[in-house]
Amino acid sequence: MSPFWTKDPFQALEKSIGKGKVFRKPEDLAIYGMDATKLCGEPVAVVLAETTADVQETVRFAVKLGISVTARGAGSGLSGGSVPLDGGIVISCERMNNVEIIDPKKMTAIVQPGVVTSELQAKVAKFRLFYPPDPSSHTISTIGGNVAENAGGLRCFKYGVTSHYVRGIEYVDSDGELKTTGLFTGEAFEPDMTPLLVGSEGTLGIFTRIELQLLLMPAATATIAAYFATREEALHSVEAIIAAGIVPSIMEFIDRQALKASASHSNYQYNENAGALLLIETDGSEEQCEIDARKILTLVRKTAIEVQTGTVANEREKLWKLRRGISPSLIKLATGRIHEDVAVPRSKIAALASEIDRASEESGLSIPVYGHAGDGNLHVVVLFRAEDSKESALAVKVSHQIFKAALNLGGTITGEHGIGLAKRNLLSWQISEQTIGLSRKIKQIFDPQGVFNPGKLLPEPPIVEK
Ligand SMILES: Cc1cc2nc3c(=O)[nH]c(=O)nc-3n(C[C@H](O)[C@H](O)[C@H](O)COP(=O)(O)OP(=O)(O)OC[C@H]3O[C@@H](n4cnc5c(N)ncnc54)[C@H](O)[C@@H]3O)c2cc1C
């Protein structure tokens, strides 16, 4: 028998997992080499896995060949997490997109990792069930990617992030073996490793099935759009709503620049005198929803220059289209964008916004700001001319200035998009060497051969002098 690597080894992989799953054309490699950051890597092959066995075979194959594997959902990540770094294989889970079980009694669902978030939400809604995690990318992103990034989203203030809904994970380890955590382990009494895997950004194993907790669908929902003359008045209203003991499901803040861009992108008539818009949603029983909506209206009307309400689906959808249109609308404004997701304690949002204004004035770069005000989680988009190398370098400097401002205010360099490739070398600004060292040990235990998603999450290892 000829040695494994003398022929094209990928023919052997194709033979074992079946035709039509292994792709090696440059155009395929290019598409699967980048995510929404536009950071690029060059995989040696792309595998569109259809079964758990395909994932296992591919991992074993990669280990045998001494190359890496990078799991991929939809590639909507904003930290370079699914960008393959060292010529390894990309395993895309997009074809593993079955919702296997929806159990209305237990209020759980078991899904494959490639299920698109909004499709799961629509499927469980038929059983009057509700999967709350709601990243703005929910019509593209996958559950596997959401779990790997511990995705947040619009409804976090009331409902929490993805980790609050993951009950168990089945995953392929670095030997190609199938392992389980949480509810998948049945009655076995053993420590639950689920929290270690959620947010692991594809560095500890590849998820093949995920068990999710569902809630009962709220009976009613109301959306309120409140325009304010100033950003400070909008943020003050957020505080006033919370101080009144109301827990809205969503409180989105949109500044003047982001509002203008999204409104013109989606042809939406908005109040052009506004310095900021708050989009607030409340849900629950019909009665509770109405009580909360009334209280919110009373509070925001104290300072808002215009207030709109939406209780029927199409009115609400128009308002949410405006919110979801921000990111695509900003693409039109500049050839270069650094899209960051800093978060600070909610009471510090105004202070962070002032620091961002200062950075914008000093650099001359536009920096629209929007995001999940209830959680202090802000999307800060530094716009620049990518064709101008000086301006590109300035934009990076400005984004670092904003990270430092967030950290000085007791916040974080990433509220929800993850560390990935983009922020790995900034992690030590926020986390002690001791904690980074502990994370390296966990990685070593799960993935001793370093096959999964190398070059992500943890900073480059220090050079050891011999
Ligand atoms: C317009 C826009 C809006 C966004 N809004 C939000 C938001 O509100 N909240 C938020 O949190 N994020 C948001 N994001 C970022 C992104 O959508 C999320 O990080 C999402 O969870 C990524 O899912 P994905 O399927 O695209 O994963 P990918 O980008 O393909 O991968 C992300 C990470 O998950 C890993 N991964 C993927 N599948 C698996 C698997 N089966 N097993 C193990 N690891 C895996 C990858 O290796 C990678 O590290 C937004 C992005 C865009 C473009």
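Conventions we followed
- Residues numbered from 1 in each chain as written.
- Predicted model: local features only at pLDDT ≥ 70, side-chain atom pairs only at ≥ 80, totals over all residues.
- Near = placed C-beta within 6 Å.
- Helix = DSSP H or I, 4+ residues; strand = E, 2+ residues; numbered from the N terminus.
- Nonpolar A, V, L, I, M, F, W, Y, C, P; charged D, E, K, R; others polar.
- Domains from an automatic or database assignment.
- Axes fitted to C-alpha atoms, helices over the stretch in contact; angles between N-to-C directions.
- Left-handed = near helix turned anticlockwise from the far one by under 90°.
- Contact = placed C-beta atoms within 7 Å.
- Pairing = 2+ DSSP bridges.
- Buried ≥ 20, exposed ≤ 12 C-beta atoms within 10 Å, placed from the backbone.
- Core = buried A, V, L, I, M, F, W, Y, C linked by C-beta atoms within 7 Å.
- Parallel < 35°, antiparallel > 145°, perpendicular 65-115°, else oblique.

Another point: the site of the ligand. Of all residues adjacent to the ligand, which total 36 residues, the nearest are G73, G77, G81, G145 and G202. Listing elements by their share of the shell around the ligand, those giving two or more residues are β3 (69-72), α5 (143-149) and β10 (206-213). It is α5 that contributes the most residues to the shell around the ligand, 5 residues altogether. When its residues are assigned to classes, the shell around the ligand shows 11 nonpolar, 20 polar and 5 charged. Looking at the shell around the ligand, you find at least three residues from each of domain 1 (9-92) and domain 2 (99-216).

Let us look at the packing of helix α8 (residues 231-243) against helix α10 (residues 286-301). In contact at an axis separation of 10 Å, α8 and α10 are set at 145 degrees when each is read in the N-to-C sense. As α8 runs across α10, the sense of the crossing is right-handed. For the pair α8 and α10, contact is made by S237, A240 and I241 and by I296, L299 and V300, respectively. Grouping the constituent residues of the contact of α8 with α10 by class yields 5 nonpolar, 1 polar and no charged.

As a further point, take the sheet that holds strand β18 (residues 377-384). With antiparallel pairing, 7 strands are arranged side by side in an open sheet as β15-β12-β14-β13-β17-β18-β16. Every interior strand has two partners, whereas the edge strands, β15 (306-310) and β16 (336-340), have only one. Neighbour-to-neighbour, the strand axes of this sheet turn through a mean angle of 15 degrees, independent of strand direction. Relative to β18, strand β17 (residues 369-372) runs antiparallel, the two being bridged by 4 bridges. The residue of β18 that forms the bridge with H372 is N377. Contacting β13 (250-255), β14 (276-284) and β17, helix α9 (residues 256-265) runs over the sheet at an angle of about 90 degrees to β13. Lying on the sheet, α10 is in contact with β12 (220-228), β14 and β15; it crosses β12 at an angle near 5 degrees.

Its place among the elements puts K64 in helix α3 (residues 52-65). Residue classification places K64 among the partly exposed residues on the basis of 14 C-beta atoms within 10 Å. Between the alpha carbons of K64 and H400 there is a distance of 40 Å; along the sequence they are 336 residues apart.

Attention now moves to the nonpolar core. One finds A226, L277, L278, V342, V380, V382 and I402 to be the most contacted residues of the largest nonpolar core, which totals 67 residues. Sequence-distant contacts of V380, defined by excluding residues within four places in its chain, comprise E340, V342, I356, I367, V369 and I402.

Relative orientation of the contacting elements helix α13 (residues 349-363) and helix α14 (residues 389-408) amounts to 160 degrees, with a least axis distance of 10 Å. Taken together, the axes of α13 and α14 lie roughly antiparallel to each other. Judged by the sense of rotation from one axis to the other, the crossing of α13 with α14 is right-handed. Side by side, α13 and α14 meet where L352, E355, I356, A359 and S363 of the first sit next to L394, V398, Q401, I402, A405 and A406 of the second. Residues belonging to the contact of α13 with α14 are distributed by class as follows: 8 nonpolar, 2 polar and 1 charged.

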